[in-house]
Amino acid sequence: MKPAKFIIAILILMISLLTIHHFIGGLSIADEKETVIQVTAKKFEYSPKEIRLKKGVPVVMEFTSLDRLHGFNCPSFKIRSDIFPGKKNLLRFTPDKAGSFPFHCDNFCGSGHEGMTGTIIVEK
Ligand code: CUA
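Predicted, not measured: the structure shown is a model, and the values here were computed from it.

### Topic: the overall build of the chain
Part 1 of the argument: Tallying secondary structure elements over the chain gives 1 helix and 9 strands in all.
Part 2 of the argument: Its helices and strands in sequence order give the chain the pattern α-β-β-β-β-β-β-β-β-β, from N to C terminus.
Part 3 of the argument: Per-residue burial for the chain yields a buried fraction of 32% across its 124 residues.
Part 4 of the argument: Surface summary for the chain: the accessible area is close to 8,000 Å², and the carbon and sulfur share equals 61%.

### Description of the pairing of strand E9 (residues 117–123)
Part 1 of the argument: Where strand E3 (residues 50–54) and E9 come together, 5 bridges link them in parallel fashion. Across the sheet, glutamate 50 pairs through a bridge with threonine 119, a residue of E9.
Part 2 of the argument: For strand E8 (residues 99–104) and E9, the ladder comprises 6 bridges, and the chain directions are antiparallel. Counterpart to histidine 104 in the pairing with E9 is threonine 117.

### Looking at the nonpolar core
Part 1 of the argument: Judged by nonpolar contacts, the single largest core of 23 residues is most densely connected at Ile51, Met61, Phe72, Ile79 and Ile120.
Part 2 of the argument: Contributing elements (two or more residues each) for this core: strand E1 (36–42), E3, strand E4 (59–65), strand E5 (70–74), strand E6 (79–83), strand E7 (89–93), E8 and E9.
Part 3 of the argument: Once you skip the residues sitting within four places of it in the chain, methionine 61 turns out to touch Ile37, Ile51, Phe72, Ile79, Asn89, Leu90, Leu91, Phe93 and Ile120.

### With respect to the packing of aromatic side chains
For any pair of aromatic rings, the description rests on two quantities: the centre-to-centre distance and the angle between the ring planes.
Part 1 of the argument: A complete count under the given rule lists 5 aromatic pairs for this structure.
Part 2 of the argument: Seen in terms of ring centroids, tyrosine 46 and phenylalanine 103 are 4.9 Å apart; in terms of plane orientation they differ by 75°. Their pairing is edge-to-face. With tyrosine 46 in strand E2 (residues 45–47) and phenylalanine 103 in strand E8, this residue pair connects regions lying 57 residues apart in the sequence. Accessibility assignment for this pair places tyrosine 46 and phenylalanine 103 in one class, buried.
Part 3 of the argument: Judged by centre distance (4.7 Å) and plane angle (65°), the ring pair of phenylalanine 77 and phenylalanine 101 falls under edge-to-face. Remark: phenylalanine 101 occurs in strand E8 and phenylalanine 77 occurs in the loop between E5 and E6; sequence separation between them is 24 residues.
Part 4 of the argument: When its relative accessible area of 11% is taken as the criterion, phenylalanine 77 is described as buried.
Part 5 of the argument: On the accessibility criterion, phenylalanine 101 (10% relative accessible area) is buried.
Part 6 of the argument: An aromatic cluster of at least three residues, connected via ring pairs, comprises Tyr46, Phe63, Phe72 and Phe103.
Part 7 of the argument: Its guanidinium or amino end placed over the ring of phenylalanine 77, lysine 97 lies 5.1 Å from that ring's centre, counting from NZ or CZ.

### Points about the sheet that holds E2
Part 1 of the argument: Taken in spatial order, the 4 strands of this open sheet run E2-E1-E4-E7, and their pairing is mixed. In this open sheet, the two strands that pair with only one neighbour each are E2 and E7. Along the sheet, successive strands turn relative to each other by an average axial angle of 25°, direction set aside.

### Comments concerning unusual backbone geometry
Backbone phi values are negative for most residues with the exception of glycine, while trans is the configuration of most peptide bonds.
Part 1 of the argument: Here the residue pair lysine 43 and phenylalanine 44 is connected by a cis peptide bond, since its omega of -10° sits within 30 degrees of zero.
Part 2 of the argument: Take phenylalanine 44: it is sitting in the loop between E1 and E2.
Part 3 of the argument: That bond from serine 47 to proline 48 is cis: its omega, 0°, falls within 30 degrees of zero.
Part 4 of the argument: Despite not being glycine, lysine 78 shows a phi value in the positive range, around 55°.
Part 5 of the argument: Looking at the element boundaries, lysine 78 is found in the loop between E5 and E6.

What counts as what
- Residue numbers here run from 1 along each chain, matching the order of that chain's written sequence.
- Restriction of local features to residues with pLDDT of at least 70 applies here, the model being predicted, together with a cutoff of 80 or more for giving and counting side-chain atom pairs; totals for whole chains, interfaces and linings are based on all residues.
- As a rule here, side-chain values come from all non-hydrogen atoms in the structure, and water together with hydrogens is ignored.
- We count a stretch as a helix when DSSP gives it H or I for four or more residues in a row; a strand needs E for two or more, and each element gets its number in order from the N terminus.
- Only protein chains enter the accessibility calculation, which uses a 1.4 Å probe; a residue is then buried when its area is under 20% of its type maximum, exposed when over 50%, and partly exposed in between.
- Per-residue and other accessible areas were derived by the Shrake-Rupley procedure at a 1.4 Å probe size, with only the shown protein chains allowed to occlude residues.
- Should DSSP find at least two bridges between two strands, the strands are taken to pair.
- For our purposes a nonpolar core is just a set of buried Ala, Val, Leu, Ile, Met, Phe, Trp, Tyr and Cys residues, chained together by side-chain atoms within 4.5 Å.
- Whether two residues are in contact is decided by their heavy atoms, any of which lying within 4.5 Å being enough.
- Side-chain rings of Phe, Tyr and Trp, where Trp is taken by its six-membered ring, are said to pair if the distance between their centres is within 6.5 Å; with planes under 30 degrees apart they count as stacked, over 60 as edge-to-face, and otherwise as tilted.
- Consider the ring centre and the ring normal. A charge sits over the ring if Lys NZ or Arg CZ is within 6 Å of that centre and within 35 degrees of that normal.
- Angles run from 0 to 180 degrees between N-to-C directions of axes, and those axes are lines fitted to C-alpha atoms, restricted for helices to the stretch in contact.

This is the structure we're talking about:
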């Protein structure tokens, strides 16, 4: 292989790896230094039901379900995620205001769906 072709091959390989890393890393794996808050969902509750955060401090919420598809929707911050069983969904988020903000399940999950709620509490 000529040097020019070799360099091009290496460049293509590097770009491919960076792209793969971007997609896998960006969507499903939290960096070690990120603050991860694990939230599990099951009919018809979240654990924890109260999520305590600090204003201006970025976090990654890691959602998983113990039974079926649920949802997480917090209109005050315009954030949402599906919550699948056997899978982790990440939501990166930095609360920009202090207070108590309700969230709820937005995927119909059965008779208790309407009452499947929780609160994000953001301290200054
Ligand atoms: Cu859980 Cu709807």
